[in-house]
Amino acid sequence: MGELDELIIKFLRDRLGQDAELAIKLYMAYKEGGRRGVIKAINEELSKVGVEVNENED
Amino acid sequence: MRIRINELIIRDFRGFMGENRISFNDGINIIHGPVGSGKTSIVQSIEYVLYGTQLEVKERVSKLADLINEEANSLLVKLVLNNGIEVIRELKKSGENVRESSSAIINGTRYKDDEVTSKIIETLGVDDDDFERFVLVTHRTLEALVYGSVTKRSLFIDKLFGLEILDNLNRSLPMSQIEDLINKLRQRLASVKELPEIIVKYGSIERAQGKVSELREEIEKLRKEEKELSNAYNDLLRKREELLKGFRGIEDTYSNYIATRIRRENLEQELEKAGVKEINEISIKLRLERLRDLLIEKLEEFALIKEADVVSKLVITNDNLSEAIEKVYNAFEGLAKLKDKLIEDKEYLSNIRNDLELQSESLKASLRELESRISQEESRVREYKALVNKYGEPVKIRRDIEELRRRLEKLSVEEGFRSSLLNVLQYVLSNHEERCPVCNKPLSEEDYEAIKKRIEELSRSRNDEIEDMKNKLNELERVLTNMETLLPIVNDYEATIERARDIRSRLETVLSKLETIEKSIRDIDRRIQTLTRFVDEFRAEVDEIDKEISYLRRYRELNSLRRQEEELRQQLSNLGVDTRAITSIEDQIRYIDDRLTQVRAKLSDDSAELSRLELALSSIGFDKEDPSTLRKRLDFLEDFYNRLTRIRAGIRDVQARVRDEMIKIVRDNVGSIFEMLYPYGDLEGAGIEVTVKDKGIIGVVSEYTLYAFRPGGRKVTISRLSDGQRLTIALSFLLSVYRATNHNIDFLLMDEPIPYVDENIRRAFASLLTRFISEGLISQVIITTQSEGLVNDIVTAAREANVRYSMIKLIKEDNKRKIIQDID
């Protein structure tokens, strides 16, 4: 993780409180897998209630 | 030691067939060749071997498999860095896919496959995104920085700062899809609005479904029963009609008989239900009379004379029980109202008492305060009075002082005269003067004798008297001062005493009023209690008697109905009607009618419930989800959507903060690097600023301004600068980002950075490159170009600046590419 990532993650934590962990997860997912990575991370959350989103553009 | 590239070996990579090797040196490495000779492939191979991917693959312009030469089934790239670091990646076609194997040696340790990329990133301190941002420089980079609109430039700088990723992340969030999911769920839940109630009532959908089956069976049974009862009912009606067929003209008597009978039976049932077997009219009358007398007594006691008079005139007989109880009750209402009035009075008095209590508390508090003041002042007042006793009132003391002062003054004058005269006489005597020094008269012996005598007289001083007088005067003055100090206290004391007396008197009045009111309240309370007890007991008894009178009325009606029924029955019998048979049919008809009513009511209720259940259950179907699950899902999605909305807003804020941070870090570096790179005197430095603008529906955007300083500090925006100056600012900015990032790389890859520029810019750029090296900003530059002119300019500039350079020539022959290396 580079300096920029650390800075972004620090600011996300400062700004988002209890939503920060999800924001960081999405940020890292985007870094690693682009939009596909983000959708995968979101679907992990949505699987708790048995729904999912696809990779089609919004 | 910072990392530079020593050697690149590529095999079957894109247009390069077989194995090709390039050595790189510190200084400038120029890769020169015509279009299509593989310059960009070399740059791509370096990114690929380091990170296992490259920009075109990431942007989906090409696939990894496209990196393998068309004639080959696999590729290999090996990169040798200084410090003994080596990275190798091999890519093999496998059907439609590719398979990659990789290895790296870092600090003597070998890493394989999955470990390689992460170890490389760790060692270089730069990931593939950062690499593309500021290590790999293309003409797109420089053009975006120095040409084009502010918006485009700003977007590019955001990208260079790595902020573009946050925009992309925001755009990647599937907000619309989640919104759709929420809307669909809301629609589903709206269509099963009744389901929550059903679940509450039956426990679950399954149980509600069970209930549907039960209801269907029950309704079936009820319909069957209704049909049977209806048939039986119709049969009985027919039978009754047949029985009465032969007796025309008796319909009224018959109807009357049946109605009387029904009324009689109903009354019997009603009285039986109430447990009434026999009614004692005398007992009711006596009880009512006793109540009347009690009431008169109480009305008189409470001075309701008019009501007492009405009731006392009431004569109760067995025939007027209902009217009598009505009158008794009306009079009794007067007492009940009086009780309510007394309660109101008591409340009113209680409020006054509360006010008086407050007044009394307040007066007591004032009195306590005044008494405390009096007690504090008392000793000073005693002191004052003692002084008055001893010295009199201050007026007298002032008079005494005046008198004493006058006397003292007179005495002092006399004493002064005596003293002067004594001095003169003693002088005359001691010098034995012949003449008087005052009047010049000759002095005789007699005179001297007289002088001696006079001296003797004058020698008796009145100093003691004066001293006493002075002491007395001082004492009186001290006393007067003391009394004047005490006087305000004495005055206040007397005023306070007066006020205390007044307040005490007011308190006594209030306490007296309180006592009176307390007494009144107690009296009213007693009356209320007495009345309440009486009212409650009386009402209970009057209600009971009223009930008995009501039963008596019905009992009398019952007896009358019995007689009437018997008369009607007799009339019908006389007409030859078998009343027993017909009443039996009537009983059966009534029974079946009642039963039919019950069955139909139940049928109606069950059918309504079934319809409601079927309607609600049909909206979700028997095999679908429980609404509570849908509700939970909706809640979760709404919450999740809100979280994502907050995250989007947060990301925008974070982007602004990171932008500010980056600007802070980069701003100073841009200036100092510009000074190193720009050799002329017309510009002294450069910088970058960011401004946030609200662009209406587009939203808030950040706009960057790159500028230079004229001597004297005046800012000049990039649009007013020459191409060479712009290029210098662009490269200063790039290098400042490069330096601001904490990494271990010490090389820059430039892929055709300035195509299609005139020779002045080319020369300026060549000069800048050599300054990168000579100023120690960077140790190694690898630049590709097809421009012979740029090559010559770089070589010339490098030679002039004594900067090391090397040349790698690429040659394209048919479909083959060759590398010819010429190291300076």
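Residues numbered from 1 in each chain as written. Chains lettered and ligands numbered in written order. Predicted model: local features only at pLDDT ≥ 70, side-chain atom pairs only at ≥ 80, totals over all residues. Heavy atoms only, no water.

1. Considering the overall build of chain B
Phase 1 of the analysis: Each helix and strand counted, chain B has 22 helices and 15 strands in total.
Phase 2 of the analysis: In chain B, the proportion of contacts linking residues at least 24 apart, taken out of those at least 6 apart, comes to 74%.
Phase 3 of the analysis: Summing over all exposed atoms, chain B offers an accessible surface of approximately 45400 Å²; the carbon and sulfur share of this is 47%. (Helix = DSSP H or I, 4+ residues; strand = E, 2+ residues; numbered from the N terminus. Contact = heavy atoms within 4.5 Å. Areas by Shrake-Rupley, 256 points an atom, 1.4 Å probe, with all protein chains shown as cover.)

2. So, helix α3 (residues 114-124) of chain B
All names here are of chain B.
Phase 1 of the analysis: All of the buried residues along α3 are Val116, Ile120, Thr123 and Leu124. Along α3, the residues classed as buried sweep out an arc of 85° about the axis, all on the same side. Away from the buried face of α3 by more than 90 degrees, exposed residues Asp114 and Glu122 are located.
Phase 2 of the analysis: Contacts from the buried residues of α3 go to α1 (39-51), β4 (74-81), β5 (86-94), β6 (97-106) and β7 (109-112).
Phase 3 of the analysis: Just past α3, the residue Gly125 takes up positive phi, approximately 75°. (Buried < 20%, exposed > 50% of the residue type's maximum accessible area, 1.4 Å probe, protein only. Arc of directions from axis to C-beta.)

3. Section: the packing of aromatic side chains
Phase 1 of the analysis: One pass over the structure, following the stated rule, counts 12 aromatic pairs over all chains.
Phase 2 of the analysis: Seen in terms of ring centroids, B:Phe332 and B:Phe538 are 4.7 Å apart; in terms of plane orientation they differ by 25°. Their pairing is stacked. With B:Phe332 in helix α14 (residues 321-391) and B:Phe538 in helix α17 (residues 463-574), this residue pair connects regions lying 206 residues apart in the sequence.
Phase 3 of the analysis: Given a relative accessible area of 2%, B:Phe538 falls into the buried group.
Phase 4 of the analysis: Each member of the aromatic cluster is reached from another via a ring pair, and the members are B:Tyr329, B:Phe332, B:Phe534 and B:Phe538.
Phase 5 of the analysis: The positively charged end of B:Arg657 is found above the aromatic ring belonging to A:Phe11, 3.9 Å away from the centroid.
Phase 6 of the analysis: Over the ring of B:Tyr707 we find B:Lys715, and its NZ or CZ is 4.7 Å from the ring centre. (Phe/Tyr/Trp six-rings, centres within 6.5 Å; stacked < 30°, edge-to-face > 60°. Lys NZ or Arg CZ within 6 Å of the ring centre and 35° of its normal.)

4. Things to note about the side chain of B:Ser102
Residues and elements named next belong to chain B.
Phase 1 of the analysis: One can find Ser102 in strand β6.
Phase 2 of the analysis: A relative accessible area of 5% places Ser102 in the buried class.
Phase 3 of the analysis: Discounting residues that sit within four places of it in the chain, Ser102 has contacts with Ile88, Arg89, Tyr111, Lys112, Asp113 and Val116.

5. Some remarks on unusual backbone geometry
Keep in mind that most residues, glycine aside, have a negative phi and that most peptide bonds are trans.
Residue and element names in this part refer to chain B.
Phase 1 of the analysis: Even without glycine at this site, Asp12 takes up a positive phi of about 50°.
Phase 2 of the analysis: Tracing the backbone shows Asp12 in strand β1 (residues 5-13).
Phase 3 of the analysis: On the basis of relative accessible area, Asp12 is assigned to the buried category, the value being 14%.
Phase 4 of the analysis: Of note, Asp113 is a non-glycine position whose phi angle comes to about 45°, a positive value.
Phase 5 of the analysis: Along the chain, Asp113 turns up in the loop between β7 and α3.
Phase 6 of the analysis: Owing to a relative accessible area of 35%, Asp113 belongs among the partly exposed residues under this scheme.

6. Examining the interface of chain B and chain A
Note on interface size: it is often stated as the accessible area lost on association of the parts.
Phase 1 of the analysis: Every contact between the two is made by 39 residues of chain B and, on the other side, 33 residues of chain A.
Phase 2 of the analysis: Taken together, the links from chain B to chain A amount to 6 salt bridges.
Phase 3 of the analysis: Between B:Arg657 and A:Asp14 there is a salt bridge whose closest N-O contact spans 3.8 Å.
Phase 4 of the analysis: Summed over the shared surface of chain B and chain A, the number is 8 residue pairs in polar contact (both at pLDDT 80 or more).
Phase 5 of the analysis: Breaking the side of chain B that touches chain A down by element, the ones donating at least two residues are α4 (128-135), α7 (164-172), α8 (175-191) and α19 (627-677) of chain B.
Phase 6 of the analysis: In terms of residues, the side of chain B that touches chain A owes the most to one element, α19(B), which gives 17 residues.
Phase 7 of the analysis: The class makeup of the residues in the side of chain B that touches chain A is 20 nonpolar, 8 polar and 11 charged. (Salt bridge = Lys/Arg side-chain N within 4 Å of Asp/Glu carboxyl O. Polar contact = N/O pair within 3.5 Å; in protein donor to acceptor, adjacent residues only side chain to side chain. Nonpolar A, V, L, I, M, F, W, Y, C, P; charged D, E, K, R; others polar.)

7. Observations regarding the side chain of B:Lys298
Phase 1 of the analysis: For B:Lys298, the location among the structural elements is in helix α12 (residues 281-301).
Phase 2 of the analysis: Leaving out residues up to four positions away in the same chain, B:Lys298 has contacts with B:Leu335, B:Thr530 and B:Phe534.

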